[in-house]
Amino acid sequence: LIVSIYSRFYYLSHPNSVVFDEVHFGKFINAYINNEFFFDIHPPLGKLLITTFGLFANYNGNFTFEQIGQPFDPTTPYVYLRFGPALFGSLLVPLTYLICRFLFAVNRISAFFATWLILFENCLIVESRFILTDSFLFFFNILALGCCFNVANQPIFSNKWNIWLTITGFTMGFALSVKFTALGFFITILFDQILQAFNNFYANNFTKIDKFRKELFFR
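About the criteria used
Residues numbered from 1 in each chain as written. Predicted model: local features only at pLDDT ≥ 70, side-chain atom pairs only at ≥ 80, totals over all residues. Heavy atoms only, no water. 1 Å grid on protein atoms, 1.4 Å probe; cavity = no way out; pocket = protein on both sides within 12 Å on 5 of 7 lines; lining within 4 Å. Points joined across faces, edges and corners; volume = space filled by probe spheres on them. Helix = DSSP H or I, 4+ residues; strand = E, 2+ residues; numbered from the N terminus. Axes fitted to C-alpha atoms, helices over the stretch in contact; angles between N-to-C directions. Parallel < 35°, antiparallel > 145°, perpendicular 65-115°, else oblique. Left-handed = near helix turned anticlockwise from the far one by under 90°. Contact = heavy atoms within 4.5 Å. Nonpolar A, V, L, I, M, F, W, Y, C, P; charged D, E, K, R; others polar. Buried < 20%, exposed > 50% of the residue type's maximum accessible area, 1.4 Å probe, protein only. Lys, Arg positive; Asp, Glu negative; His and termini not counted. Salt bridge = Lys/Arg side-chain N within 4 Å of Asp/Glu carboxyl O. Phe/Tyr/Trp six-rings, centres within 6.5 Å; stacked < 30°, edge-to-face > 60°. Lys NZ or Arg CZ within 6 Å of the ring centre and 35° of its normal. Patch = residues over 30% accessible without salt bridge, like charges linked within 9 Å, V, L, I, M, F, W, Y side chains within 5 Å. Areas by Shrake-Rupley, 256 points an atom, 1.4 Å probe, with all protein chains shown as cover.

A. Here's a closer look at the layout of surface pockets. Volume-wise, the largest pocket comes out at about 230 Å³. Along the wall of the largest pocket there are 14 residues; nearest its centre are Leu165, Thr168, Gly169, Ile189 and Arg219. Of all the elements in the fold, those that place two or more residues in the lining of the largest pocket are α8 (159-178) and α9 (183-203). Considering every element that reaches the lining of the largest pocket, the biggest residue donor is α8, with 8 residues.

Put into structure tokens, the structure is as follows:
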């Protein structure tokens, strides 16, 4: 966790100019703050999270984000706007370790190796250091996948089963609320839940049809 925070937050102020899609997301954030209508192909949750961090820094949406490479004004708290993606990018690393270690029941070395790959993946580091929403998407996708696998470890219709199934639904909803590209994970999780229901139905020799219908409905 310490290394992931260091790699995502170190020198977060560099470069002090607009990078890549910050030119678009910056305008979206300005529109939210200034109560202006705009259209974007993706849902709003990721942009709203970044906007929230900007509001904590009293950002008033006055920076124009006109072009890539445009230097930030000294009064623009752009580091705060980059804080949210860096935070969720940092949390993705220990989340990966926990899922590997406790859900997949792999040994410490294997879990550490998987975490190491996420920790030093250059693409994930870059995505976490700028005003982009992909860090939120990755975090909620992996969290939903971990919760989904944990559902299978609980007795059917128990309190823990219901709780983890509900958390899976919420986290998948969060992911879809960031970007529609999370639909691939949604279909994967939906297929897994249906498969688990049919597997339990098969284990009961296809006799408990009412229980199967109830389980399929809840899933």
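B. Layout of the packing of helix α1 (residues 2-9) against helix α4 (residues 78-103). Contact pair α1 / α4: the axes reach a minimum separation of 8 Å and the direction vectors enclose 150°. Taken together, α1 and α4 sit at an angle that is classed as roughly antiparallel. For the crossing formed where α1 meets α4, the hand is right-handed. From α1, Ser4, Ile5, Arg8 and Phe9 reach across to α4, where they touch Phe83, Ala86, Leu87, Gly89, Ser90, Val93 and Pro94. Of the residues contributing to the contact of α1 with α4, the split by class is 7 nonpolar, 3 polar and 1 charged.

C. Layout of the side chain of Arg129. Positionally, Arg129 belongs in the loop between α6 (122-128) and α7 (134-151). Among buried charged residues, Arg129 stands out as having no salt bridge; its nearest opposite-charge side chain is Glu22, 9.5 Å away. In contact with Arg129, not counting residues within four places along its chain, are Ser7, Arg8, Phe9, Tyr10, Tyr11, Leu12, His14 and Arg82.

D. Region of interest: the packing of aromatic side chains. Under the definition given, this model contains 20 aromatic pairs. With centroids separated by 5.9 Å and ring planes inclined at 90°, the aromatic side chains of Phe25 and Phe28 adopt a geometry described as edge-to-face. Taken as a pair, Phe25 and Phe28 lie in helix α2 (residues 22-33) at a separation of 3 residues, close to a single helical turn. Ring centres of Phe139 and Phe140 lie 5.6 Å apart, and the angle between their planes is 70°; this geometry places the pair in the edge-to-face category. Both residues of the pair, Phe139 and Phe140, count as buried. Taken together, the aromatic side chains of Phe88, Phe136, Phe139, Phe140, Phe170 and Phe174 make up a single cluster linked through ring pairs. Lying over the aromatic face of Phe157, Lys214 brings its terminal NZ or CZ to 4.7 Å of the ring centre.

E. Examining a nonpolar patch on the surface more closely. Taken together, the side chains of Leu183, Phe186, Ile187, Leu190, Ile194, Phe198 and Leu216 present a nonpolar region at the surface, about 580 Å² in accessible area. The leading source of residues in the nonpolar patch is α9, at 6 residues. With respect to the element layout, Phe198 can be found in helix α9. By relative accessible area, which is 42% here, Phe198 ends up partly exposed.

F. Representation of the environment of Ile109 in the model. Tracing the backbone shows Ile109 in helix α5 (residues 108-119). Taking the C-alpha atoms as reference points, Ile109 and Asp210, 101 residues apart in sequence, are found 44 Å from one another.

By themselves, these figures tell us nothing about what the structure is for.
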